[in-house]
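What follows is each chain in one-letter form.
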Amino acid sequence: QNSFRVVPLGVRGGGDDGNLSAYMVAPVNSNAYVCLDAGTVTNGISKALTNKAFSVAADVVLRKYIKAYLISHPHLDHVSGMVINSVEDTAKNVYGTEYCIETLKSHYFNWKSWPNLTNEGASPALKKYSYKMLGEDQEVDIEQTEMSVKIFKLSHSNPYESTAFLIRKGEKYVLYFGDTGPDEIEKSDKMQQVWKAVAPLVKAKQLAGIFLEVSYTNKQPDRQLYGHLTPKWLMKELNVLSEISGAGSLKGLNVIITHMKPTADNESQIKAELASDNALGLNLIFPEQGKAFELK
Ligand SMILES: Nc1ncnc2c1ncn2[C@@H]1O[C@@H]2COP(=O)(O)O[C@H]2[C@H]1O
């Protein structure tokens, strides 16, 4: 039985300002979605309607189907769609780490960059969006949905932070990584901590998919990763998971490749490099804007 329905509103990792990271996720047969990052919102909803991913009007998807935003980190390409559409939007929770929420508060919803439509920060706070700060080691219900979330902090160009979200519906999970570099380059153990936490779920076949970024091809020098992964580094990191969860345990695992930078032939090159280095037998999924898919 399929567990989650995903509608990508934006999939690219830079440059293409109408198609930046944003993924609507809900349990199959539910219209109560979370939006994981929100780089592009309305452009993605339009594409989704063209592709018949939804059978309601665009404003219903924005205002009613998206119940909450989960923001992995406050870079513009992960928040601009949410900020721009906040005026037309309905009351919602915005979930993130303290680092992320403090940045939203001081740098975006501050009346200078944008009116403060949130419940905290620069006066007057218009109280449409409510910040929900997430700490590690606690699972929190995502209000108005059937899902809950646990977070893991990530390193995104040390010392800057990003977040991974482990979303649960019943016994099934999906894991979403915001932008992140490999532990070895970031001088960090953040990814390893995530792998340790989810290895039992992989073993038990409870993990429906992992959203993980690959921004650059293998040609990108390690000193210019800027907190991102390449095909080689993605496979190295997933090998760390495989070592914990057991040989062969990642075979057929859905890995959704996010955040490819669209420069030159980067995207086709990344796809080719991943395909030729897939000894783990991952089921690689390359999401397309506005095209729904299911994970089980
Ligand atoms: N030191 C740097 N020099 C040049 N470009 C950078 C540097 N750090 C970050 N960037 C770029 O800025 C981008 C910000 O968004 P990204 O993290 O997706 O990808 C980043 C890189 O493309």
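Residues numbered from 1 in each chain as written. Predicted model: local features only at pLDDT ≥ 70, side-chain atom pairs only at ≥ 80, totals over all residues. Heavy atoms only, no water.

## Comments concerning the site of the ligand
Part 1 of the reasoning: Residues in contact with the ligand, as listed here, are Gly 13, His 75, Asp 77, His 156, Tyr 216, Tyr 226, His 228, His 259 and Lys 261.
Part 2 of the reasoning: Measuring from an oxygen atom of the ligand, one finds a side-chain N or O atom of Tyr 216 at 3.4 Å.
Part 3 of the reasoning: A distance of 2.9 Å is found between an oxygen atom of the ligand and a side-chain nitrogen or oxygen belonging to Lys 261.
Part 4 of the reasoning: Protein contacts shield 49% of the accessible area of the ligand, which totals 460 Å² for the unbound molecule.
Part 5 of the reasoning: The residue inventory of the shell around the ligand, partitioned by class, reads two nonpolar, five polar and two charged. (Near = heavy atom within 4 Å. Polar contact = N/O pair within 3.5 Å; in protein donor to acceptor, adjacent residues only side chain to side chain. Areas by Shrake-Rupley, 256 points an atom, 1.4 Å probe, with all protein chains shown as cover. Nonpolar A, V, L, I, M, F, W, Y, C, P; charged D, E, K, R; others polar.)

## Structural notes on the layout of surface pockets
Part 1 of the reasoning: In this structure, the largest pocket occupies an estimated 160 Å³ of space.
Part 2 of the reasoning: Taken together, 13 residues make up the lining of the largest pocket; nearest its centre are Val 11, Met 260, Glu 267, Pro 287 and Glu 288.
Part 3 of the reasoning: Of the residues in the lining of the largest pocket, the class split is five nonpolar, four polar and four charged. (1 Å grid on protein atoms, 1.4 Å probe; cavity = no way out; pocket = protein on both sides within 12 Å on 5 of 7 lines; lining within 4 Å. Points joined across faces, edges and corners; volume = space filled by probe spheres on them.)

## A word on the side chain of His 78
Part 1 of the reasoning: Within the secondary structure layout, His 78 lies in helix α3 (residues 76–85).
Part 2 of the reasoning: At 2.9 Å, the side chain of His 78 and the side chain of Asp 37 are in polar contact.
Part 3 of the reasoning: What His 78 contacts, discounting residues up to four positions off in sequence, is Ser 21, Asp 37, Ala 38, Gly 39, Ile 71, Ser 72, His 73, Asp 179 and His 259. (Helix = DSSP H or I, 4+ residues; strand = E, 2+ residues; numbered from the N terminus. Contact = heavy atoms within 4.5 Å.)

## Focus: helix α6 (residues 190–203)
Part 1 of the reasoning: The first and last C-alpha atoms of α6 sit 21 Å apart over 14 residues, in line with the 20 Å expected at 1.5 Å per residue.
Part 2 of the reasoning: Where α6 bends most, at Ala 197, the angle is about 35°, and the proline Pro 200 comes one to four residues later.
Part 3 of the reasoning: Of all the positions in α6, only Met 191, Val 194, Trp 195, Val 198, Ala 199, Leu 201 and Val 202 are classed as buried.
Part 4 of the reasoning: For α6, the secondary structure elements touched by its buried residues are β8 (148–155), β9 (161–169), β10 (172–177), α5 (183–186), β11 (207–213) and α7 (231–245).
Part 5 of the reasoning: Count one or two residues on from α6 and you reach Lys 205, which has phi positive near 55°. (Expected span 1.5 Å × (residues − 1). Bend = angle between axes of the 7 residues up to and from the residue. Buried < 20%, exposed > 50% of the residue type's maximum accessible area, 1.4 Å probe, protein only.)

## Quick notes on the packing of aromatic side chains
Given two aromatic rings, their pairing is described by the distance between the two centres and the angle made by the two planes.
Part 1 of the reasoning: Applying the stated criterion across every chain, the model contains ten aromatic pairs.
Part 2 of the reasoning: For the pair Tyr 33 and Tyr 65, a centre-to-centre distance of 6.3 Å together with 15° between the ring planes defines the contact as stacked. You can see Tyr 33 sitting in strand β3 (residues 33–36) and its partner Tyr 65 sitting in helix α2 (residues 58–65), a full 32 residues away along the chain.
Part 3 of the reasoning: You can call Tyr 65 buried: its relative accessible area is 13%.
Part 4 of the reasoning: Ring centres of Phe 177 and Trp 195 lie 5.2 Å apart, and the angle between their planes is 50°; on these two criteria the pair is classed as tilted. In this pair, Phe 177 is assigned in strand β10 and Trp 195 in helix α6, connecting sequence segments 18 residues apart. Summarising the burial analysis for this pair, Phe 177 and Trp 195 share the class buried.
Part 5 of the reasoning: Taken together, the ring pairs connect Tyr 23, Phe 165, Tyr 176 and Phe 211 into an aromatic cluster.
Part 6 of the reasoning: Lys 236 extends its terminal NZ or CZ atom over the ring of Trp 233, reaching a point 4.5 Å from the ring centre.
Part 7 of the reasoning: Looking at Lys 271, its charged tip hangs above the ring of Phe 286, at a distance of 5.3 Å from the centre. (Phe/Tyr/Trp six-rings, centres within 6.5 Å; stacked < 30°, edge-to-face > 60°. Lys NZ or Arg CZ within 6 Å of the ring centre and 35° of its normal.)

Everything listed is a geometric property; what it means functionally is a separate question.
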